[in-house]
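Spelled out from the first residue to the last, the chains are:
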Amino acid sequence: MAEIGQPLAYGGIRLPNNVLLAPLAGYTDFAFRKLCYSFGAGMCFTEMVSAKGLRYNNEATRALLRLDPSETRTAAQLFGSDPDVLRAACESEDLAPFAAIDLNMGCPVPKVFKNGEGSALLADFPRASEIISACKRSGKVVSVKFRIGLERGKYLAADFAKLCEDAGADMIAVHGRTRDCMYAGEPVYEQIAAAKAAVSIPVVANGGVFSRADAQKMLRETGADGVMVARAAMYCPHVFAEILGKDIPWDARAAIDGQIADMLPFYGEKFTLVQMRKMAAFYLRGRRGSAEARASLFACNSIDALRAALDNIYGPRA
Ligand SMILES: Cc1cc2nc3c(=O)[nH]c(=O)nc-3n(C[C@H](O)[C@H](O)[C@H](O)COP(=O)(O)O)c2cc1C
């Protein structure tokens, strides 16, 4: 059985440990990933990026691919349904700085699903296979992140895992919930275990890992090689230190200040403000008087106002 924190290698990439940050649309930008690495994350993923958007030179799409110079083992996650468009994205300059590509075959949202993208590919094995092999032809290291099925009870994790391996995937990340569950409920450990048993490439298990105990349970129940953490990191990126048993203190104010300093020059004040009100509000979870404090953050209309509100909450900066 894999131990928490042990190294993980796939497709020639060597990761220092097997606790990974999942892709999270609207959250896993370069500043947030940098923070997660500082708490020990073994690897981080960008949020899902449209292969079509890259093809049409969409600036907003490209902005999602900003990398911090310190990032050496970040994967870009792509979504799409056209194997040629996805392959072209893999071969584009935009993705050249990334250590690997991850293919999204799990996104449940209707807008994506009805275009035949994300989790819709679980219902189209030939296309999913074509996409993976097309992306592999780019020469990139490729992983696939997928759900265990579309509907509860109709599971396909083992078959889909095998499909990924046969098409050339270097690793899979299995989210142990079906599309109809969205993000609710316990992951179905047996399905992740079935995926693991079906393939010889590394398998990372995802779903419901919020603590070291959850991560241990996930590895024990599934036999997976690592875990992928999503919402727990969004609520508090320090969770990586907790899971890995690293003695690194959590200073919410310092984390927020760091994210703001990284984001401002690149994203500008408006976007940074919207983003950091949201993240700072998450970091208040469990703190006394957090409802009021959260309201004070959302009332801020400038970064200066946000910093003043943070001074009120955490005390003036040293
Ligand atoms: C706000 C939000 C955004 C997400 N964005 C993505 C995404 O861009 N790509 C992806 O593969 N999964 C995405 N997911 C799914 C997560 O990566 C993960 O599979 C899911 O949250 C289950 O893990 P958890 O129980 O640890 O949160 C998203 C989830 C949430 C809550």
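The rules behind the values
- Residues numbered from 1 in each chain as written.
- Predicted model: local features only at pLDDT ≥ 70, side-chain atom pairs only at ≥ 80, totals over all residues.
- Heavy atoms only, no water.
- Axes fitted to C-alpha atoms, helices over the stretch in contact; angles between N-to-C directions.
- Helix = DSSP H or I, 4+ residues; strand = E, 2+ residues; numbered from the N terminus.
- Left-handed = near helix turned anticlockwise from the far one by under 90°.
- Contact = heavy atoms within 4.5 Å.
- Nonpolar A, V, L, I, M, F, W, Y, C, P; charged D, E, K, R; others polar.
- Near = heavy atom within 4 Å.
- Polar contact = N/O pair within 3.5 Å; in protein donor to acceptor, adjacent residues only side chain to side chain.
- Areas by Shrake-Rupley, 256 points an atom, 1.4 Å probe, with all protein chains shown as cover.
- Buried < 20%, exposed > 50% of the residue type's maximum accessible area, 1.4 Å probe, protein only.
- Domains from an automatic or database assignment.
- Buried area = accessible area lost by both parts, 1.4 Å probe.
- Salt bridge = Lys/Arg side-chain N within 4 Å of Asp/Glu carboxyl O.
- Parallel < 35°, antiparallel > 145°, perpendicular 65-115°, else oblique.
- Phe/Tyr/Trp six-rings, centres within 6.5 Å; stacked < 30°, edge-to-face > 60°.
- Lys NZ or Arg CZ within 6 Å of the ring centre and 35° of its normal.

**Q** What is the right way to read the packing of helix 6 (residues 125-136) against helix 7 (residues 157-167) from this model?
**A** The angle between the axes and the distance between the axes are what describe a pair of packed helices. Two numbers describe how helix 6 lies on helix 7: the axes approach to 8 Å, and their chain directions differ by 35 degrees. In this structure, helix 6 meets helix 7 at a crossing whose hand is right-handed. For the pair helix 6 and helix 7, the contacting residues are Phe125, Ala128, Ser129, Ile132, Ser133 and Lys136 in the first and Asp159, Phe160, Leu163, Cys164 and Ala167 in the second. Grouping the constituent residues of the contact of helix 6 with helix 7 by class yields seven nonpolar, two polar and two charged.

**Q** Teacher, can you tell me more about the site of the ligand here?
**A** The full set close to the ligand counts 17 residues, and Ala25, Gln77, Asn206, Gly208 and Arg231 are the nearest of them. The separation between a nitrogen atom of the ligand and a polar main-chain atom of Ala25 is 2.8 Å. Starting from 610 Å² of accessible surface for the ligand in isolation, the protein chains cover 90%. Looking at side-chain class alone, the shell around the ligand contains eight nonpolar, six polar and three charged residues.

**Q** Could you clarify how one ought to interpret helix 1 (residues 30-38) in this entry?
**A** In an α-helix there are 3.6 residues to a turn, and that puts residues three or four apart on one side. Of all nine residues that make up helix 1, seven are buried, and the element is covered over most of its length. Phe30, Ala31, Phe32, Arg33, Leu35, Cys36 and Tyr37 are the residues of helix 1 that are buried. Contacts made by the buried residues of helix 1 are with strand 3 (19-21), strand 4 (43-50), strand 5 (74-79), helix 10 (231-235), helix 11 (239-244) and helix 12 (252-283). Of the residues trailing helix 1, Gly40 is marked for its positive phi of about 110 degrees.

**Q** I tried to follow unusual backbone geometry on my own but got confused; where do I start?
**A** Most peptide bonds are trans, and most residues other than glycine sit at a negative phi. Positive phi is not limited to glycine here, since Asn57 has a value of about 55 degrees. As for its position among the elements, Asn57 is in the loop between helix 2 (51-55) and helix 3 (59-63). Residue Met182 is not a glycine yet carries a positive backbone phi of 50 degrees. Position of Met182 among the secondary structure elements: in the loop between strand 10 (171-175) and helix 8 (189-198). Met182 gets classed as partly exposed once you look at its relative accessible area, which sits at 35%.

**Q** How do you make sense of helix 7 when you look at a structure like this?
**A** Turning to helix 7, its buried residues are Ala157, Phe160, Ala161, Leu163, Cys164, Glu165 and Ala167. Tucked into the core, helix 7 has its buried residues touching strand 6 (100-105), helix 6, strand 7 (142-147), strand 9 (154-155), strand 10 and helix 8. Positive backbone phi, approximately 110 degrees, marks Gly168, located one or two places after helix 7.

**Q** Could you clarify how one ought to interpret the domain arrangement of the protein in this entry?
**A** By a widespread convention, an interface's size corresponds to the accessible area lost as its parts come together. Partitioning the protein into structural domains gives domain 1 (8-244) and domain 2 (252-314). For domain 1 versus domain 2, the distance between C-alpha centres works out to 28 Å. On the domain 2 side, the residues contacting the 14 residues of domain 1 number 12 residues. For the pair domain 1 and domain 2, the two sides together bury roughly 1,300 Å², of which 65% comes from carbon and sulfur. Summed over the shared surface of domain 1 and domain 2, the number is one salt bridge.

**Q** Honestly, the pattern of salt bridges in this entry has me stumped. Any pointers?
**A** As a working rule, side chains carrying opposite charge can pair if their charged atoms are close by. For the structure shown, the criterion picks out 14 salt bridges. Notably, a salt bridge pairs Lys154 with Glu151, separated by 3.5 Å at the nearest N-O pair. Judged by relative accessible area, Lys154 falls into the exposed class, the value being 56%. Between Arg253 and Asp257 there is a salt bridge; the shortest N-O distance is 3.2 Å.

**Q** Please clarify how the packing of helix 12 against helix 14 (residues 303-314) should be interpreted in this entry.
**A** Interhelical geometry of helix 12 versus helix 14 gives an angle of 15 degrees and a closest axis separation of 11 Å. Taken together, the axes of helix 12 and helix 14 are roughly parallel relative to one another. Note on packing geometry: the crossing formed by helix 12 with helix 14 is left-handed. Counted together, Ala252, Arg253, Ile256, Ile260, Leu264, Glu269, Thr272, Leu273, Met276, Arg277, Ala280 and Tyr283 of helix 12 and Ile303, Leu306, Arg307, Leu310, Asp311 and Tyr314 of helix 14 form the full contact between these two elements. By residue class, the composition of the contact of helix 12 with helix 14 is 12 nonpolar, one polar and five charged.

**Q** Teacher, can you tell me more about the packing of aromatic side chains here?
**A** What characterises a pair of aromatic rings is the spacing of the ring centres plus the angle enclosed by the ring planes. Under the definition given, this model contains 11 aromatic pairs. Relative to Tyr267, the ring of Phe30 has its centre 5.8 Å away and its plane inclined at 40 degrees; by these criteria the two rings are tilted. Highlighted residues: Phe30 in helix 1 and Tyr267 in helix 12, separated in sequence by 237 residues. Accessibility classification places Phe30 together with Tyr267 in one group, the buried group. Summarising the aromatic geometry, the rings of Trp250 and Tyr283 are spaced 5.4 Å apart at their centres and angled 85 degrees between planes, so their arrangement reads as edge-to-face. With a gap of 33 residues between them, Trp250 in the loop between helix 11 and helix 12 and Tyr283 in helix 12 connect regions that are remote in the sequence. For Trp250, a relative accessible area of 28% translates into the label partly exposed. In this structure Tyr283 comes out as buried when scored by relative accessible area, which is 6%. By the ring-pair criterion, three or more aromatic residues cluster together here, those being Tyr27, Phe210, Tyr235 and Phe282. A cation over an aromatic ring shows up here: Arg66 above the ring of Phe30, its NZ or CZ 5.0 Å from the ring centre. Over the face of the ring belonging to Tyr27 we find Lys278, whose NZ or CZ atom lies 4.4 Å from the ring centre.

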